Amino acid sequence: MDQKSPSEMTENEARAELERLAKILLQANQDYHGDDAPTISDAEYDAFKKRNAEIEKLFPTLVREDSPSEQIGAPASSGFGKISHAVRMLSLGNAFDDNDVEEFDTRVRKFLGINSGDVIEYTAEPKIDGLSLSLRYESGQLVYAATRGDGEVGENVTENARTIDDIPVMLTNAPDVLEVRGEVYMSHHDFLALNERQKVRGEKAFANPRNAAAGSLRQLDAQITKSRPLKFFAYAWGEISAPLGATQFDSIKALKALGFSTNPLTMVCSSPEELISHYRKIEQSRATLGYDIDGVVYKVNDLGLQKRLGFRSTTPRWAIAHKFPAELAWTRLERIEIQIGRTGALSPVARLDPVTVGGVVVSNATLHNEDYIQGRGSKGEVIRDGKDIREGDWVQVYRAGDVIPKIADVDMSKRPSNSVPYEFPSKCNICGSPAVREEGDAVRRCTGGIICSAQAIEKLKHFVSRSAFDIEGLGAKQVEQFYNDGWIKTPADIFTLRERFGQGLQQLKNRDGWGEKSATNLFDAIDAKREIPLGKLIFSLGIRHVGDSSGALLANHFQSWENFERALVNTTIGSGEAWDDLLSIDGVGAVMASSLVNAFQNEKEREAIDALITHLAPIDAVRKNTEGSPVAGKTVVFTGTLEKMSRAEAKARAEELGAKVSGSVSKKTDILVAGPGAGSKATKAAELNVMVIDEAAWLDMIEGL
Ligand code: IVH
C-alpha cells in the first residue's frame, strides 16, 4: 500500500484518513460477525487498526465518536438491542427424499391416531432462502422487528425493517397483538444490481442473495438498509391475541388481506403424493422464480391438529422442510489437514482448489474421520464404491443447504500415478500426545486433554458461542487471543478477568483495540452472564453428545444445578435408580448418559466444572404451563391401549403439564394410567400402592389445562 505516514499528515488529511479507516473497519467487523461476505485477512484488519491508533495518538482532538479503537468483538450485533421473542422462533426438521415425506405423514398420523383412510390436509409452499424476521404489531402498529437470533432472543432491527416496502408499519382490522413471521430476501435482479454498485464503489461483492439480505438487514445505519432492495414473505405467526383462521391456509390468506406479501405457490394438498407432485412443480420453476429457494415446506393445515402435535425441543411436529437435492461441482483436493475439536477429535478437512457450488465459493470440505477417507461409512458399510480419498485427487463436492460441504465422489481416472493412500496421524498435530481410537468410536482422539491447547481453545470457543454463554464482545477470535496471551485458560478464568485486570487495566488497555471503555464493557458483559439459565449452562460445559436441545431437556428434568450435579455424581453407569432416571428422559440415551456421568466423575473435568460454578448463579428451569396443574412434578406411566390419543401424544401432553413420564413402574411412580390390556405394570403398581386410573379419569384430571 502506498500510504502516507501519519507523522507526515496535515490535520485535514488525518481527519479524512480516520474517516476512511472507520468505514473500512466497521464494514470488516460486520463482515466478520454478521456472516455475510468473505472478510479481509486478520493481518490486514490489524494493520488498519494499528494505523488508526497511530493517527489518533498524533491527533487526539480528531478521535471520532465512532472510533474503531473503541469497538471490540461484535459491534455489528452489539449495536442492536436484544428482544426476547414472546413465542420462540423455531427451525424445521428436514426431509431429503420422497420416502422422508411419507414417513413424516406416517409420524403425524401415528401421533394423532388418524389412520390412513382419513385425509390429513397439508399446505406446501416454497422454502425461501433468506433470513427470518418476527414483526410485532400492537393495536395495528408495528412495535418491533426482531431477527431470529438463537430462537429465544433476537436483535432489534425495527428501524431497518421499517424501510422495507413489503412490511406494513400499520395494519387495519388486525388482532390486538399479532406477531407476523416470515423471510427477508433479495431478488436475483436486485442482488446482481447491488453487487454491480458495490464493485463500482470498490466495495466487496456479496457471495449470494441470502448473504446480501442478511448484511443489508443488519446494518447499524437504517439509511443503508433503505438503499438495499429487500423483500419479505409472511408465512407464519408468533403470539397472537385472536386466531387469523381455522387453518394454516386461511391464516396466510388473512395475512395477505392485511397487506403482507405471501407466496403465490402456496397450495393445500391432501396426501403425501400430492405434496411431492407440488414439490416437483416448484422445483421445475425454481430457475425462473427470480429469488432463491432451497426446498418446499409442508405444514399440517388444520390448526387444531397443529396444536395437538405441538413441538419437539427445537422443531414443530406439524411441519417439515423438503430440501432440494444438493448442488455438485468437481475440483482438485489439494491437501488433507487435521483439526482438533473440543473433545479431542481429530477431524480431517479437505482443502480444495476453490470452486463455486450453487453460487457459493467452496474451499473446504469435511472428511469426517479415517474410515470415511478410506471409503467406509459409520456402520462399516462401503461408501463411494469403496474409493478412498487422497491428496491430489479430483473430487466431487456437494452442499445441501447450510451444511458444511462434503465429498460425494472421486474421479479415479484423474488420480495421479504417484498418489499414495492418506495415512491418518496417530499423534495430535498440536500437542503431540498419542491419538487413539477406542472400540466402537469412529473417531480418533487426542489424549492430551487439558494440556492440548487446541482442545482448550475449542472448549472456550464453544463456551462463549451463541447458544452457550454468548458474551458480548468475547467471540471465538477474542478467546483465542486471550488464550494465547495466557489470560484465559479455562472457562472459569473468564470470570476472574476483572479481578485480575480491572484495577490497572493496563495490559488489556494496551492491547490493540482494547480501550479502557471497551475493557470495562467486556467486564460488564461477563458479569451480566453470571446468571445463566440452567440449560445453557449444561450445554456450555461442552460435554460430548450434549447439544443445546439436550441441555434444555436435562435442565427441564433436573430443574436446578444442585439436582443435576448430585444426580450425576451419584450415578453408576449401566444400573441403579439414578441411571434409570437419566434414561427415562425422552431424548437421553445410554451414550449421552454415560458421557455425562464420565464428565462428572473425571477428576480433572470435575475440578474445572467446580471452579466455574463458584462464579455463577444458575437460573433454575421452570416448567411451562404447569400452574394449577395437578400432575406437575408427578411421575406418570402409561400402559395398555389408549383409545383417545396415541402414546406419544399422551406423553407429550403430560410433559407439557409438568409431569415426568417414565417407561416403568417403580416406587417413584405417582400415577399409572392403564388402558385395556395393561399387564404386569398394573400388577406391580398395585403391589407398590401406586394410584391406578384409566384413560378417561386421566383426561378428566387434566381437562381444561
Ligand atoms: S415455517 C415453526 N415456512 O426456514 C416453523 N419457514 O429451516 C416456522 N423458512 O427458520 C417456519 N421459508 O427462516 C417456514 N415457507 C416457510 C419458510 C421458512 C423459509 C425458513 C425459516 C426457518 C427455517 C427453518
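Everything numeric in this text was worked out from a predicted model, so none of it was measured. (Residues numbered from 1 in each chain as written. Predicted model: local features only at pLDDT ≥ 70, side-chain atom pairs only at ≥ 80, totals over all residues. Heavy atoms only, no water.)

Trainee: I'd like a rundown of empty space enclosed by the protein, residues and numbers included.
Mentor: Considering all chains together, one arrives at three cavities of 30 Å³ or more under this definition. Of the pockets and cavities examined, the largest cavity occupies roughly 60 Å³. Forming the boundary of the largest cavity are Glu 125, Pro 126, Ile 128, Phe 233, Ala 234, Tyr 235, Ile 252, Thr 262, Asn 263 and Thr 266. For the lining of the largest cavity, the secondary structure elements donating two or more residues are strand E3 (122–128) and strand E8 (231–240). Partitioned by chemical class, the residues of the lining of the largest cavity number six nonpolar, three polar and one charged. (1 Å grid on protein atoms, 1.4 Å probe; cavity = no way out; pocket = protein on both sides within 12 Å on 5 of 7 lines; lining within 4 Å. Points joined across faces, edges and corners; volume = space filled by probe spheres on them. Helix = DSSP H or I, 4+ residues; strand = E, 2+ residues; numbered from the N terminus. Nonpolar A, V, L, I, M, F, W, Y, C, P; charged D, E, K, R; others polar.)

Trainee: Tell me about the packing of aromatic side chains, and name the residues and values.
Mentor: Within the structure shown, the criterion is met by 18 aromatic pairs. Taking 5.0 Å as the distance between ring centres and 10° as the angle between the ring planes, the aromatic pair formed by Tyr 185 and Phe 233 counts as stacked. Linking Tyr 185 in strand E7 (residues 177–185) with Phe 233 in strand E8, this pair joins segments that are 48 residues apart in sequence. The residues Tyr 185 and Phe 233 share a single accessibility class, namely buried. Pairing Phe 463 with Phe 495 gives two aromatic rings, centres 6.4 Å apart and planes at 80°, and the pair type is edge-to-face. Of this pair, Phe 463 sits in helix H13 (residues 453–464) while Phe 495 is found in the loop between helix H15 (491–494) and helix H16 (497–501), placing the two residues 32 residues apart along the sequence. The exposure class assigned to Phe 495 is buried, which follows from its relative accessible area of 2%. Among the aromatic residues, those joined into a cluster by ring pairs are Phe 558, Trp 561, Phe 564 and Phe 600. The ring of Tyr 372 carries Arg 384 above its face, with NZ or CZ at 4.8 Å from the centroid. One cation-aromatic arrangement involves Lys 414 over Trp 394; the distance from NZ or CZ to the ring centre is 4.4 Å. (Phe/Tyr/Trp six-rings, centres within 6.5 Å; stacked < 30°, edge-to-face > 60°. Buried < 20%, exposed > 50% of the residue type's maximum accessible area, 1.4 Å probe, protein only. Lys NZ or Arg CZ within 6 Å of the ring centre and 35° of its normal.)

Trainee: Talk me through helix H21 (residues 561–569); I want residue IDs and the actual numbers.
Mentor: Burial in H21 covers these residues: Trp 561, Phe 564, Glu 565, Ala 567 and Leu 568. Buried residues of H21, viewed axially, fall in a sector of 165°; they line one side. On its buried side, H21 packs onto helix H19 (534–540), helix H20 (548–558), helix H22 (577–583), helix H23 (590–601), helix H24 (603–613) and strand E20 (617–619). (Arc of directions from axis to C-beta. Contact = heavy atoms within 4.5 Å.)

Trainee: Describe in detail the pairing of strand E10 (residues 293–300), supporting the description with residues and values.
Mentor: Successive residues of a regular strand alternate their side chains across the two faces of the sheet. The buried count for E10 comes to eight of eight residues, which makes it a mostly enclosed element. With seven bridges connecting them, E3 and E10 associate as antiparallel partners. Paired with Glu 125 across the strands is Val 297, a residue of E10. In terms of strand pairing, E10 meets strand E11 (residues 319–323) through five bridges, oriented antiparallel. (Pairing = 2+ DSSP bridges.)

Trainee: Describe the pattern of salt bridges, naming the residues involved and giving the relevant values.
Mentor: Tallied over the full model, the rule gives 44 salt bridges. One salt bridge connects Arg 136 with Glu 138, and the closest N-O pair in it is separated by 2.8 Å. In this structure Arg 136 comes out as buried when scored by relative accessible area, which is 10%. Where Arg 606 meets Glu 565, a salt bridge forms, and the shortest distance between an N and an O atom there is 3.3 Å. Pair noted here: Arg 606 is in helix H24 and Glu 565 is in helix H21, with a separation of 41 residues, a long-range link. (Salt bridge = Lys/Arg side-chain N within 4 Å of Asp/Glu carboxyl O.)

Trainee: If you had to explain the site of the ligand to someone new, which residues and values would you point to?
Mentor: Neighbouring the ligand are 14 residues, the closest being Glu 125, Ile 128, Glu 183, Tyr 235 and Lys 299. In the environment of the ligand, a nitrogen atom lies 3.2 Å from a nitrogen or oxygen atom belonging to the backbone of Pro 126. Relative to its unbound accessible surface of 530 Å², the ligand loses 87% to contact with the protein. Going through the elements one at a time, E3 and E10 are the ones with two or more residues in the shell around the ligand. In terms of residues, the shell around the ligand owes the most to one element, E3, which gives four residues. Broken down by class, the residue content of the shell around the ligand amounts to eight nonpolar, two polar and four charged. (Near = heavy atom within 4 Å. Polar contact = N/O pair within 3.5 Å; in protein donor to acceptor, adjacent residues only side chain to side chain. Areas by Shrake-Rupley, 256 points an atom, 1.4 Å probe, with all protein chains shown as cover.)

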